[in-house]
Amino acid sequence: MTVGVLALTACGVGGDSGGGSSDKKLTWASTGGQFQEDEKTALQEPFTAKTGTKFTNISPAEQAQVRTMVKAKKTIWDLANMSWIYAGAYCGELFEKLDAPELDRSKFPPGTTGDCFVPTYRYANIFSYNADFYPGAKPTSIKDFFDVKKFPGKRVVYDYPKAGLFEAALVADGVPPDQVYPLDLDRAFKKIDTIKSSLVFAPSYGAIQQMMVDKQASMVLTVTARTIVSAQSGANLVPVWDFNTTDIGVQVIPKGSPHKELAEQMLAFITEPTQAKAYAKLTGTAPARADIDLNTIGYTDKQKEFNAFLPDRGKTIEQDKQWWIANTDALTKRWTSWKVG
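A. Representation of the nonpolar core in the model. Within the largest apolar cluster, 55 residues are counted, with the highest numbers of intra-cluster contacts made by I142, F145, F146, L165, F166 and L183. Of all elements in the fold, only α3 (63-71), α4 (84-89), β4 (119-130), α5 (165-172), α6 (185-193), β7 (219-223), β9 (243-252) and α12 (321-340) reach the threshold of two or more residues within this core. Ranked by residues supplied to this core, first place goes to α5 with 7 residues. Apart from the residues lying within four places of it in its own chain, the contact partners of L165 are F145, F146, V157, I192, L199, L221 and W335.

Listed below in structure tokens is the structure:
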């Protein structure tokens, strides 16, 4: 029996603050599609088997909906898969502080937790190229993403500042990876300007996947899971392990959750090795806890090919949580103006 199950038994899941055994239920908001199906399979179903908890799944999970529910004092979501930036920026206001003892923050890598969030999985923003476009010389460093003369072609990025592009621009411009933060935005924008006409700003991760499969671009900078799915769907992608940023996925608890105690128990449960490894195996991401041996997960060869957490994968840095929490709103406004300028 895992520590997570012991904790659930000790805390008495049936004694959740929302009620007794007839009230073992959680409303789970997420991204929809295959990734929410993977959450059901690897995370929710085992919790139901152990505790009898029933889940109501809805999508998409958007911060604006949380704000509306909380302000109206009519919160119906218990857990939401959305950016930790919101949980950090509005901790205690729109999202619950996590204080359950089983959510031991010492289990997680430094810099990956906050008062209102702990990681539930880890991923990377990966630079890859389509080998069909480059039969001769191949990209080998992050500098090549910004070299349209040597490596012409469109570059796809997610239309959101915190997708790895700014850190990549600074490293490509000569900033040592361990000195990237705080981000020198003027310098980063200047570097990104050099390839602006070659950038394609994708409105969703699904759009990125389709663009790469349809060969609408020769390079891409996107998250682990979407890179894997794109490759599995036929895009001839090759990762470049020179420099990449790593980040975390989280489940957060909206303020006023009807079943906060049970939701915290769920968070503890899904970070335990059995569930964490099952989810990682389905998605190709990495477990949140550093004490889980990646060699025990059973990744496919394709998942291993794009896993930034395996040995000998070049330099990676964790995106600075506090910097992004403090600066995302202002940078998003600047980003929007820059795109149309």
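Now that the structure is up, let's keep going.
B. View of the packing of helix α2 (residues 33-51) against helix α10 (residues 273-283). In the contact formed by α2 and α10, the axes pass within 9 Å of each other and the chain directions differ by 170 degrees. Considering the angle they form, α2 stands roughly antiparallel to α10. As α2 packs across α10, the resulting crossing turns out to be right-handed. Side by side, α2 and α10 meet where D38, E39, T41, A42, L43 and P46 of the first sit next to Q275, A278, Y279, L282 and T283 of the second.

C. Summary view of the layout of surface pockets. Within this model, the largest pocket holds a volume of roughly 960 Å³. What lines the largest pocket is a set of 33 residues, among which T31, N81, S83, Y158 and Y205 lie closest to the centre. The biggest single contributor to the lining of the largest pocket is β9, with 4 residues. Among the residues making up the lining of the largest pocket, the classes are represented as 17 nonpolar, 12 polar and 4 charged. Taken together, 13 residues form the lining of the second largest pocket, with Q34, F35, D38, V229 and L282 sitting closest to its centre. Counting residues per element, the ones that place at least two in the lining of the second largest pocket are α2, α8 (224-232) and α10.

Definitions and cut-offs
- Residues numbered from 1 in each chain as written.
- Predicted model: local features only at pLDDT ≥ 70, side-chain atom pairs only at ≥ 80, totals over all residues.
- Heavy atoms only, no water.
- Core = buried A, V, L, I, M, F, W, Y, C linked by side-chain atoms within 4.5 Å.
- Buried < 20%, exposed > 50% of the residue type's maximum accessible area, 1.4 Å probe, protein only.
- Helix = DSSP H or I, 4+ residues; strand = E, 2+ residues; numbered from the N terminus.
- Contact = heavy atoms within 4.5 Å.
- Axes fitted to C-alpha atoms, helices over the stretch in contact; angles between N-to-C directions.
- Parallel < 35°, antiparallel > 145°, perpendicular 65-115°, else oblique.
- Left-handed = near helix turned anticlockwise from the far one by under 90°.
- 1 Å grid on protein atoms, 1.4 Å probe; cavity = no way out; pocket = protein on both sides within 12 Å on 5 of 7 lines; lining within 4 Å.
- Points joined across faces, edges and corners; volume = space filled by probe spheres on them.
- Nonpolar A, V, L, I, M, F, W, Y, C, P; charged D, E, K, R; others polar.

All quantities given are derived from atomic positions and should not be read as evidence of function.
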